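# Residue-level structural notes
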Amino acid sequence: LGLPALEIEPFAELFTDNLHYIGPYNPADAGRMLSELNQRGGKNYPAAILSALAAATGRFAGLMRAAFNALEEVDQSQLSLSPTPDQIAGLIVPRPAIRTECRTIWISLNAMEQSILKAVAGVPGAAYKSAPEAEAAVSMLIGKGLLRFTGEKPKGPADIASSKKERATEVYQMRSRASAS
């Protein structure tokens, strides 16, 4: 057509598919959100508890809010001053608001994404085959912040499942616990 590409770019973008996922907060924003909840709610949870809570929830806003509110229901004598994320998760996962938030995340995933998370989490009987659909689902899970890799990136889904411990693959732990029960 002879039109300058830079001038028609905004128009062309109207017809381009772009997917943007709202993933988890970064650590600083998660800390800020929990500090604000702490102040607004008149609570005085120490930074170590808030940090463990952020880690236990994967820093997802809805889960952090539900988890923070769930701390109110927890027997405070069970809450140490320096809990691990697993200890926090153990205290809050049974709470209905947490299970509801986890269910919301879970049902937003397609069947392949659910299968991959189950396999990576080590749910008995869960498996999937390396295929283009699985590769795409892994990419989607990474984009959504529900799956991430630390260390060397696996070659594909089969590599993820077979070497999750060696490669320190981290799956959003609360989701796995809630879906297994």
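Placed above this text is the structure.
Residues numbered from 1 in each chain as written. Predicted model: local features only at pLDDT ≥ 70, side-chain atom pairs only at ≥ 80, totals over all residues. Heavy atoms only, no water.

## Considerations on the overall build of the chain
Put simply, the test is: Comment: elements are numbered from the N terminus, with helices defined as DSSP H or I runs of at least four residues and strands as E runs of at least two. Per-residue accessibility, obtained with a 1.4 Å probe over protein chains only, is compared with the maximum for each type, and a residue is labelled buried under 20%, exposed over 50%, and partly exposed between these values. Here a residue-residue contact requires only that any non-hydrogen atoms of the pair lie within 4.5 Å. Shrake-Rupley sampling with a 1.4 Å probe provides the accessible areas, and residues are treated as covered by the protein chains on show and by no other component.
When its secondary structure is counted, the chain shows 10 helices and two strands. For the chain, the succession of helices and strands along the chain, N to C, is α-α-α-α-α-α-α-α-β-α-β-α. Considering the chain as a whole, with its 181 residues, one finds that 36% of them fall into the buried category. For the chain, the share of sequence-separated contacts (at least 6 apart) that also reach a separation of at least 24 residues comes to 62%. When the accessible surface of the chain is split by element, carbon and sulfur atoms take 55% of a total near 10800 Å².

## Describing the packing of aromatic side chains
Our working rule: To pair, rings of Phe, Tyr and Trp, with the six-membered ring standing in for Trp, must have centres within 6.5 Å; the planes then decide the type, stacked if under 30 degrees apart, edge-to-face if over 60, and tilted in the middle.
Applying the stated criterion across every chain yields a total of one aromatic pair. Ring centres of Tyr45 and Phe68 lie 5.5 Å apart, and the angle between their planes is 90°; this geometry places the pair in the edge-to-face category. Of this pair, Tyr45 sits in the loop between helix H2 (27-40) and helix H3 (47-56) while Phe68 sits in helix H4 (residues 61-71), and the two are 23 residues apart along the sequence. On the basis of relative accessible area, Phe68 is assigned to the buried category, the value being 5%.

## What to know about helix H7 (residues 111-121)
To be explicit about the condition: Distance and chemistry together define a polar contact, namely a pair of N or O atoms within 3.5 Å, with one atom able to donate a hydrogen and the other to accept it when in protein, and with adjacent residues in sequence counting only for side-chain atoms on both sides.
Every buried residue belonging to H7 is among Glu113, Gln114, Ile116, Leu117, Ala119 and Val120, and all of these are buried. You can read the cap of H7 off the contacts: a side-chain oxygen lies 3.0 Å from the backbone nitrogen of Met112, and it is on Asn110. Downstream of H7 by one or two residues, Gly122 has phi in the positive range, about 80°.

## Some remarks on the packing of H3 against helix H5 (residues 85-92)
In plain terms, the rule: Here an angle of 0 to 180 degrees is reported between the N-to-C directions of two axes, which are lines fitted to C-alpha atoms, with helices fitted over the stretch in contact. Working definition: roughly parallel below 35 degrees, roughly antiparallel above 145 degrees, roughly perpendicular at 65 to 115 degrees, and oblique for all remaining angles. Each residue is assigned to one class: nonpolar for Ala, Val, Leu, Ile, Met, Phe, Trp, Tyr, Cys and Pro, charged for Asp, Glu, Lys and Arg, and polar for all the others, Gly among them.
Two numbers describe how H3 lies on H5: the axes approach to 8 Å, and their chain directions differ by 75°. For the element pair H3 / H5, the angle class is roughly perpendicular. Taking contact as the criterion, the partners of Ile49, Ala52, Leu53, Ala55 and Ala56 in H3 are, on H5, Pro85, Ile88 and Ala89. Among the residues making up the contact of H3 with H5, the classes are represented as eight nonpolar, no polar and no charged.

## Here's the deal with the pattern of salt bridges
What counts is decided by this rule: One speaks of a salt bridge when a side-chain nitrogen belonging to Lys or Arg is within 4 Å of a carboxyl oxygen belonging to Asp or Glu.
For the structure on display, the rule yields five salt bridges. Arg95 is paired through a salt bridge with Glu73; the nearest N and O atoms lie 3.8 Å apart. On the criterion of sequence distance, the pair formed by Arg95 in the loop between H5 and helix H6 (96-107) and Glu73 in the loop between H4 and H5 is long-range, its members being 22 residues apart.

## Here's the deal with the nonpolar core
The nonpolar side chains of a soluble globular protein tend to be buried with one another. Keep this limit in mind: In plain words, nonpolar cores are sets of buried Ala, Val, Leu, Ile, Met, Phe, Trp, Tyr and Cys residues tied together by side-chain atoms within 4.5 Å.
Core analysis: the biggest nonpolar cluster contains 42 residues, and Leu34, Leu71, Ile88, Ile92, Ile98 and Ile116 have the highest contact counts within it. Listing elements by their share of this core, those giving two or more residues are H2, H3, H4, H5, H6, H7 and helix H8 (132-143). Excluding anything up to four places from it in sequence, Ile116 contacts Tyr128, Ala134, Ala137, Val138 and Leu141.

## Side note on unusual backbone geometry
Even without being glycine, Arg59 reaches a positive phi, approximately 65°. Following the sequence through the fold, Arg59 ends up in the loop between H3 and H4. Judged by its relative accessible area of 21%, Arg59 is partly exposed.

## Side note on the packing of H2 against H4
Which entries qualify depends on this criterion: Take the far helix as the reference: if the near one is turned anticlockwise from it by less than a right angle, the crossing is left-handed, and if turned clockwise, right-handed.
Where H2 meets H4, the closest approach of the two axes is 11 Å, and the angle between their N-to-C directions is 35°. Between H2 and H4 lies a crossing whose hand is right-handed. Here H2 contributes Ala30, Met33, Leu34, Leu37 and Asn38 to the contact with H4, which in turn contributes Ala61, Met64, Arg65 and Phe68. Looking at side-chain class alone, the contact of H2 with H4 contains seven nonpolar, one polar and one charged residues.

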